[in-house]
Amino acid sequence: MIRAMAFRNLQEVARFVITLGVALILGAIIIQLSGREASAAYRALFESALGSRLALADSLAVSTPLILTGLATAVAFRTGVFNVGVEGSLYMGAFAAAWVGFTWPNTPSGLLIPAAILAGGLAGSLWGLIPGTLKAWLDVDEIVTTIMMNYIAVSFTSYLVNYPFAVPGLANAMSPMVPSSIHLPRLLPPSQLHAGFILALLCALGVGVLFSRTTWGFEFNLQGSNPIFARWAGVRSPRVILTAMGLSGFLGGLAGAFQILGVHYRFIANFSPGYGYDGIAIALLGRTTAFGTLVGALLFGALRNGASGLELFAGIPLELVRILEAVIILMVTAEATIRLKGKKIPISVEREG
Amino acid sequence: MAYLEMRGITKRFPGVIANDHVDFSVEEGEIHALVGENGAGKTTLMRILYGLESPDEGIIRLGGRAVRIPNPQAAIRLGIGMVHQHFQLVPSFTALENIVLNREPRRGPLLDRQHARCALETLIERLGLEVDLGARISELSVGERQRVEILKLLYRNARLIILDEPTTVLTPQETHALFAMLRRLKEEGRTIIFISHRLSEVMEIADRVTVLRRGRVVGVRSVASTDERELARMMVGEVAAIARQACRSLENAPPALIVRDVTLAEIPGRLSLKGLSFEVRRGEILGVAGVEGNGQQELVELLAGLRFPQKGQILLDGKDITFMDVRGRRRHGLAVIPPDRLQEGLSLPAPVWANLIATRYHLPPFSHLGLLNRALIRSYAAQLIQKFEVMVPSIDAPALALSGGNLQRLIIAREVSTPPRVLIAAHPTRGLDMRATQAIRKLLLELAGQGTAVLLISTDIDELLALSDRLLVLHRGEIVGFLPISQADPESLGLLMAGRRLERRG
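Predicted model, so just to flag it, every value in this text is computed and none were measured.

What to know about the overall build of chain A
Right, so step 1: Assigned secondary structure in chain A consists of 13 helices and 0 strands.
Right, so step 2: For chain A, the sequential pattern of α-helices and β-strands runs α-α-α-α-α-α-α-α-α-α-α-α-α.
Right, so step 3: Projected onto its principal axes, the C-alpha coordinates of chain A cover approximately 75 × 55 × 35 Å.
Right, so step 4: Burial analysis of chain A (353 residues in total) assigns 49% to the buried set.
Right, so step 5: The long-range fraction of contacts in chain A, counting pairs at least 24 apart against all pairs at least 6 apart in sequence, stands at 79%.

Here is the structure:
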């Protein structure tokens, strides 16, 4: 039995490596076609992603929000809720954390930091609960609502820093700075790696435990793998969907809060390059497991960070790394499709009449 | 020489033989009825003929030539058409567009509506049909949609038309119109295979009848030389007299489940239930007979707590559970073997252990303060699969890896691991082989022996007669009769199921 499980894990690893390998090969072809040396490009990529302590630290810093948005997405997908609204939760969480910071600047940091983080999480959570409620009680399609909620969150936070919380004399749409007492400590200066990374790792651990050892996780799995059976078994589906959406939003909110408290120190309109959407690809790459999502986020972080070096040293535009990412995403979805086709479920047997 | 000849057709599914060396032949220009209970193999046989399934053994001859039908396109080329129980029309297209779909007369890249309309109108006129060609499918009634389906076949020039239970969805008036059309098609020399289990309709429309039971042909009759009683007996079979436990005295046993005048409104895709009243005593097996789709699904959903009645009351051991949810009912000792094993009874991607505790993971000792006790759950799961002889590769394997019989054992193991007060068993042996069937039946009898009240819902009359103490018959959401087992025989039961009220015998 243990051997069977080890074999399955081995398969998962093999799948991951093959996906990455094929993406790298396709990427190499594209780089060669664009008239550059693929091997040199990859060397530059590797160097600037993992080549030194500083490079590594920067990669981890880039990974930090991705770990959290990946986990947020994984929690929802597990439950069969296609929450693509993590981006919106991230914006709401980011603003809430900044707001706590610049509103009570003189509170002792021992109180202020937890308060700001919690505010970020809760804001994200509430944002997720709106489409969650619509889905749970009225069966409104969550993909549509969560996408719309993203637009609302981005525009609403932008409005907030442009009008009610506008800083006089500042051209850009930004909130006031948060006090330095609330900054998350940097782990390896001058790298941007901050304590939020450790907290993100703890979240991954927590989600892992949640999935495998709690009744909540059990309900997520049951609801996600067969919602009809879940109802027959007595699972209170609306409540489970709400829990998942609330938790998903919470993690998304944390991602936003950490970016503010660890990197930007103020809320900036449109600050996210799409961390919430990256979380979707990462969660899928990680098969919606906590560990897989963590690995996927670290990989994406390294790629992103390496991309800057690629441009600097190999003269390869950033867009090529984006293409590499896109190829990975393509591989993940293609592989998922192949798996679904291979798994034929013998339903016809039952439906004789 | 018969027009269509299917010889020695055998089709096996995992754990089930759907067709067991079936010989089936149809003469040109006749209306041939194919009858049998649910699961008798009618649909499988016709799916083979239409190229949707490939037979494991057997040959098909059409017009004297051996043919191979690997897919529906091939069937259509041979002039075979099929109207499925679930219509295959594009709701947003008009009737005309659906009919010519894939065979469009074209003018350049565009659909030549004029030409299509012309061709169809002559067809419609000849058959005396009423079809609004310009209406969208979504605007049409079920009867009209069926006519569109048939027109689709005629437009493709089908000579042999298969109708899979065409009347189940129709009102009596629509059925009448359908039959009139079938007669005209017959006059044109077309051949029709009519799948049904409504014997009165078979007697009315068919020339000959082939009866299937448990995947085998029981006999072929010409309608002129048979009657409903004989057909019912053939369909249902002589009952193997498996002696129940010597007539247990249930007269004094208290009722465990009481259903009082319960009414459930119709929702899309579901029947309504009208004024159901019955009770099941402790230790009693009450059989619910009826042709599938006459309210069984709704009844199970109602009792399981998935839907709530508009009127009436449900009592479990004296406690009113009418508006209690699934979890509450289960806590009060209700267990359910759902009708659709793969959808309602299990999560196929989930591991075996999770399926085994899916109804009680939230209770001690399986979890405490939201944390699962994994070690205990694993040993509990291992115990259950051993006790109920479920063959699994490992308790971590997904349920997907199990065969049909083992999936059902898994469900039953979960539901009866602690003997319930009331067990709702819907189609507990459907599609299972003999060995698994016998084991499950034995288990149900044992449970009743221990005092569980069992409501056994089945379309298998053998099963109902072998296990039940009493029978009730459902027809279109109503109870049309109660029978003590001593007075139940396949013949009268078959007639009741077909909607005939029992005439009182002297």
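Side note on the packing of helix H5 (residues 109-138) of chain A against helix H6 (residues 142-162) of chain A
Residue and element names in this part refer to chain A.
Right, so step 1: Interaxial distance between H5 and H6 falls to 10 Å at its minimum, and their mutual angle equals 155 degrees. For the element pair H5 / H6, the angle class is roughly antiparallel. H5 and H6 meet at a crossing whose hand is right-handed. In this structure, H5 uses Trp127, Ile130, Pro131, Leu134 and Lys135 to contact H6, whose residues at the interface are Glu142, Thr145, Thr146, Met149 and Ala153.
Right, so step 2: Class assignment for the residues of the contact of H5 with H6 results in 6 nonpolar, 2 polar and 2 charged.

Topic: the pairing of strand S23 (residues 470-475) of chain B
Residue and element names in this part refer to chain B.
Right, so step 1: One ladder, built from 4 bridges, connects strand S15 (residues 285-289) with S23; its direction is parallel. If you follow Gly287 over to S23, its bridge partner there is Leu471.
Right, so step 2: In terms of strand pairing, S23 meets strand S24 (residues 478-484) through 6 bridges, oriented antiparallel. By the bridge assignment for S24, Leu471 is matched with Leu483.
Right, so step 3: Once S23 ends, the chain turns through 2 residues before running back antiparallel as S24, passing Arg476 with a positive phi of about 50 degrees.

Examining the sheet that holds strand S17 (residues 319-320) of chain B
All names here are of chain B.
Right, so step 1: Pairing in this open sheet of 4 strands is antiparallel, and the strands run S14-S13-S16-S17 from one edge to the other. The sheet is open, and its two edges are formed by strand S14 (273-281) and S17, each paired on a single side.
Right, so step 2: By the bridge criterion, 5 bridges tie strand S13 (residues 255-264) to strand S16 (residues 311-316) in an arrangement that is antiparallel. Bridge pairing in S16 links Ile258 to Leu315.

Considerations on the pairing of S15(B)
Residues and elements named next belong to chain B.
Right, so step 1: Within S15, 5 of the 5 residues are buried, which leaves it mostly tucked inside the rest of the structure.
Right, so step 2: The alternating pattern of S15 places Ile285, Gly287 and Ala289 and Leu286 and Val288 on opposite faces, both of which are buried.
Right, so step 3: The sheet contact formed by S15 and strand S22 (residues 453-457) spans 4 bridges and is parallel. Considered in S22, the bridge of Gly287 is made with Leu456.

Let's talk about helix H10 (residues 237-264) of chain A
Right, so step 1: Taking 1.5 Å per residue, 28 residues should reach 40 Å; H10(A) reaches 39 Å between its end C-alpha atoms and fits that length.
Right, so step 2: One or two steps after H10(A), the chain reaches Tyr265(A), where phi turns positive at roughly 65 degrees.

Here we look at the packing of helix H11 (residues 275-285) of chain A against helix H12 (residues 290-313) of chain A
The description of two helices packed together rests on the angle between their axes and the distance between the axes.
All names here are of chain A.
Right, so step 1: H12 packs onto H11 with a crossing angle of 125 degrees between their chain directions and a minimal axis gap of 7 Å. Considering their axes alone, H11 and H12 lie oblique with respect to each other. For the pair H11 and H12, the sense of crossing is right-handed. Taken together, the residues of H12 that come into contact with H11 (itself represented by Asp278, Ile282, Ala283 and Leu285) are Gly292, Thr293, Gly296, Ala297 and Phe300.
Right, so step 2: Among the residues making up the contact of H11 with H12, the classes are represented as 5 nonpolar, 3 polar and 1 charged.

Let's talk about unusual backbone geometry
Right, so step 1: Following Pro189(A), the chain continues to Pro190(A) via a peptide bond in cis, the omega torsion being 10 degrees.
Right, so step 2: Along the chain, Pro190(A) turns up in the loop between H6 and helix H7 (196-213).
Right, so step 3: Looking along the chain, the bond that leaves Pro364(B) and enters Pro365(B) is cis, with omega of 5 degrees.
Right, so step 4: Position of Pro365(B) relative to the elements: it lies in the loop between helix H12 (352-357) and strand S19 (367-368).

Considering the sheet that holds S23(B)
Residues and elements named next belong to chain B.
Right, so step 1: Taken in spatial order, the 6 strands make up an open sheet running S18-S21-S22-S15-S23-S24, and their pairing is mixed. With partners counted over all chains shown, the strands left at the sheet margins are strand S18 (334-337) and S24, one partner each. In this sheet, adjacent strand axes meet at a mean angle of 15 degrees when their direction is disregarded.
Right, so step 2: Together, S15, S23 and S24 form the strand contacts of helix H17 (residues 490-497), whose direction differs from that of S23 by roughly 30 degrees.

Here we look at the domain arrangement of chain B
Residues and elements named next belong to chain B.
Right, so step 1: Here chain B is partitioned into domain 1 (4-236), domain 2 (252-333 + 422-506) and domain 3 (351-419).
Right, so step 2: Once you take the C-alpha centre of each, domain 1 and domain 2 turn out to be 33 Å apart.
Right, so step 3: With 16 residues of domain 1 in contact, the opposing surface of domain 2 contributes 15 residues.
Right, so step 4: Breaking the side of domain 1 that touches domain 2 down by element, the ones donating at least two residues are helix H7 (199-205) and helix H8 (228-236).

Notes on the nonpolar core
Right, so step 1: Core analysis: the biggest nonpolar cluster contains 249 residues, and Leu71(A), Ala97(A), Ile424(B) and Leu456(B) have the highest contact counts within it.
Right, so step 2: Looking at which element gives the most residues to this core, the answer is helix H3 (residues 53-78) of chain A, with 14 residues.
Right, so step 3: Apart from residues lying up to four places away in sequence, Leu71(A) is in contact with Cys203(A), Ala204(A), Val207(A), Leu251(A), Ala290(A) and Thr293(A).

Considering H17(B)
Residue and element names in this part refer to chain B.
Right, so step 1: In terms of burial, H17 is largely enclosed, as 6 of its 8 residues are buried.
Right, so step 2: Along H17, the residues classified as buried are Pro490, Leu493, Gly494, Leu495, Leu496 and Met497.
Right, so step 3: Buried residues in H17 make contact with H8, S15, helix H16 (461-467), S23 and S24.
Right, so step 4: Phi turns positive one or two residues past the end of H17, at Gly499, with a value near 100 degrees.

So, how was this worked out
- Residues numbered from 1 in each chain as written.
- Chains lettered and ligands numbered in written order.
- Predicted model: local features only at pLDDT ≥ 70, side-chain atom pairs only at ≥ 80, totals over all residues.
- Helix = DSSP H or I, 4+ residues; strand = E, 2+ residues; numbered from the N terminus.
- Buried ≥ 20, exposed ≤ 12 C-beta atoms within 10 Å, placed from the backbone.
- Contact = placed C-beta atoms within 7 Å.
- Axes fitted to C-alpha atoms, helices over the stretch in contact; angles between N-to-C directions.
- Parallel < 35°, antiparallel > 145°, perpendicular 65-115°, else oblique.
- Left-handed = near helix turned anticlockwise from the far one by under 90°.
- Nonpolar A, V, L, I, M, F, W, Y, C, P; charged D, E, K, R; others polar.
- Pairing = 2+ DSSP bridges.
- Expected span 1.5 Å × (residues − 1).
- Domains from an automatic or database assignment.
- Core = buried A, V, L, I, M, F, W, Y, C linked by C-beta atoms within 7 Å.

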